[in-house]
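One letter stands for each residue in the lines below.
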Amino acid sequence: GAVVSQHPSWVICKSGTSVKIECRSLDFQATTMFWYRQFPKQSLMLMATSNEGSKATYEQGVEKDKFLINHASLTLSTLTVTSAHPEDSSFYICSASLVGRRRTEAFFGQGTRLTVV
Amino acid sequence: GESVGLHLPTLSVQEGDNSIINCAYSNSASDYFIWYKQESGKGPQFIIDIRSNMDKRQGQRVTVLLNKTVKHLSLQIAATQPGDSAVYFCAENRNFGNEKLTFGTGTRLTIIP
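Everything quoted here is computed from the prediction, not taken from an experiment.

**Examining the overall build of chain B**
Each helix and strand in chain B was counted, giving 0 helices and 10 strands. Counted from the first residue to the last, chain B has its helices and strands arranged as β-β-β-β-β-β-β-β-β-β. Taking 13 Å as the expected radius of gyration for a compact globule of 113 residues, we find that chain B reaches 14 Å, a close match to that expectation. Its C-alpha atoms give chain B principal-axis dimensions of about 40 × 35 × 25 Å.

Next up, the structure:
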């Protein structure tokens, strides 16, 4: 199956600093990628839709200036958490869409655990 | 609405028994449904899907049932194994193929050896 890789798998940063998370589709091209946030014992909440070559579409309540998304190529999307605070500590997961003959399937990365201290 | 502050429902099943995990979805316009398995510290893994024009679909050891009348989805896992222990999420998709998924609250399944 298709592989989506996230980097780093975990990161600890100081409050006020920025952190960049990468999402790569390794063996396919993805015009659309999605970024999710997951708090402990909760479900995945969609943050934004990342489209190659255009601006990301953010879900209601997600600050676009705080969560910067760049989708500069068909295999890479990045999420930058700017001026991180402890409440931003969470598990961030990306998915990339692979268009197939039967349907479009979402493949998920392994997630990035962000801890802001 | 969001399930902020709620803990995941849990289900414990003896190894070898069958398990049924349920999910209620909210949007009657959803036309595509997927079950995912998420192990601790990992991203979701596709298990099985079903389109709204079907009410049942079977895979290897797994069966998904869809009841559109009551907006209910279930995942049946037969002959459970320790490796089935994980959190299971249903996800719904509106407008088949537009890729945007809405996830349910999830259920933690524990297989007792």
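Now that the structure has been shown, we can carry on.
**Looking at the pattern of salt bridges**
This structure, assessed with the given rule, holds 7 salt bridges over all chains. Lys66 of chain A is paired through a salt bridge with Asp88 of chain A; the nearest N and O atoms lie 2.8 Å apart. One end of the pair, Lys66 of chain A, is in the loop between strand S6 (57-58) and strand S7 (67-73); the other, Asp88 of chain A, is in the loop between strand S8 (76-81) and strand S9 (90-99), and 22 residues separate them in sequence. The burial state of Lys66 of chain A is the same as that of Asp88 of chain A; both residues are buried. Arg57 of chain B is paired through a salt bridge with Asp49 of chain B; the nearest N and O atoms lie 2.4 Å apart. Since its relative accessible area comes to 2%, Asp49 of chain B is described here as buried. By sharing partners, the salt bridges in this structure join Lys37, Glu39 and Lys42 of chain B into a single network.

**Overview of the pairing of strand S11 (residues 112-116) of chain A**
Residues and elements named next belong to chain A. Burial of the side chains of S11 is restricted to one face: Thr112, Leu114 and Val116 are buried, whereas none of Arg113 and Thr115 on the reverse face is. Bridge analysis of strand S2 (residues 10-13) against S11 gives 4 bridges, and the strand direction is parallel. Across the sheet, residue Val11 finds its bridge partner in S11, namely Leu114. Relative to S11, S9 is paired through 3 bridges, and the arrangement is antiparallel. Across the sheet, the residue bridging to Ser90 is Leu114, located in S11.

**Points about the state of the cysteines**
All names here are of chain A. Under the defined criterion, the tally for this structure stands at 2 disulfides over all chains. Two residues share a disulfide in this structure: Cys23 and Cys94, whose sulfurs sit 2.0 Å from each other. Across the S-S bond linking Cys23 and Cys94, the dihedral sits near 80°, which makes this disulfide right-handed. Here Cys23 is found in strand S3 (residues 19-25), whereas its partner Cys94 is found in strand S9, with 71 residues between them in sequence. Between Cys13, a free cysteine, and Cys94, which holds the nearest cysteine sulfur, the sulfur-to-sulfur gap is 18 Å.

**Topic: the sheet that holds strand S5 (residues 56-58) of chain B**
Residue and element names in this part refer to chain B. Taking strand neighbours across the sheet as the criterion, the 4 strands line up as S2-S7-S6-S5 in an open arrangement whose pairing is antiparallel. Each having just a single partner strand, strand S2 (19-24) and S5 make up the two edges of the open sheet. Between one strand and the next, the sheet's axes are offset by a mean angle of 15°, whatever the strand orientation. In this structure, S5 lies alongside strand S6 (residues 62-67), joined through 3 bridges in antiparallel fashion. Bridge assignment links Arg57 to a residue of S6, and that residue is Val64.

**A few points about unusual backbone geometry**
The omega torsion of the bond from His7 of chain A to Pro8 of chain A falls at 0°, within 30 degrees of zero and hence cis. Tracing the backbone shows Pro8 of chain A in the loop between strand S1 (4-7) and S2. Positioned with a positive phi, Lys41 of chain A is a non-glycine residue whose angle comes to about 60°. Relative to the helices and strands, Lys41 of chain A resides in the loop between strand S4 (32-38) and strand S5 (45-51). Of note in the backbone geometry, Lys71 of chain B takes a positive phi value of approximately 55° without being a glycine. Take Lys71 of chain B: it is sitting in the loop between S6 and strand S7 (72-77). Residue Lys71 of chain B is classed as partly exposed on the basis of its relative accessible area of 28%.

Scoring rules and cut-offs
Residues numbered from 1 in each chain as written. Chains lettered and ligands numbered in written order. Predicted model: local features only at pLDDT ≥ 70, side-chain atom pairs only at ≥ 80, totals over all residues. Heavy atoms only, no water. Helix = DSSP H or I, 4+ residues; strand = E, 2+ residues; numbered from the N terminus. Rg over C-alpha atoms; globule rule 2.2 N^0.38 Å. Salt bridge = Lys/Arg side-chain N within 4 Å of Asp/Glu carboxyl O. Buried < 20%, exposed > 50% of the residue type's maximum accessible area, 1.4 Å probe, protein only. Pairing = 2+ DSSP bridges. Disulfide = S-S within 2.5 Å. Axes fitted to C-alpha atoms, helices over the stretch in contact; angles between N-to-C directions.

Any functional reading would require information beyond the geometric quantities listed.
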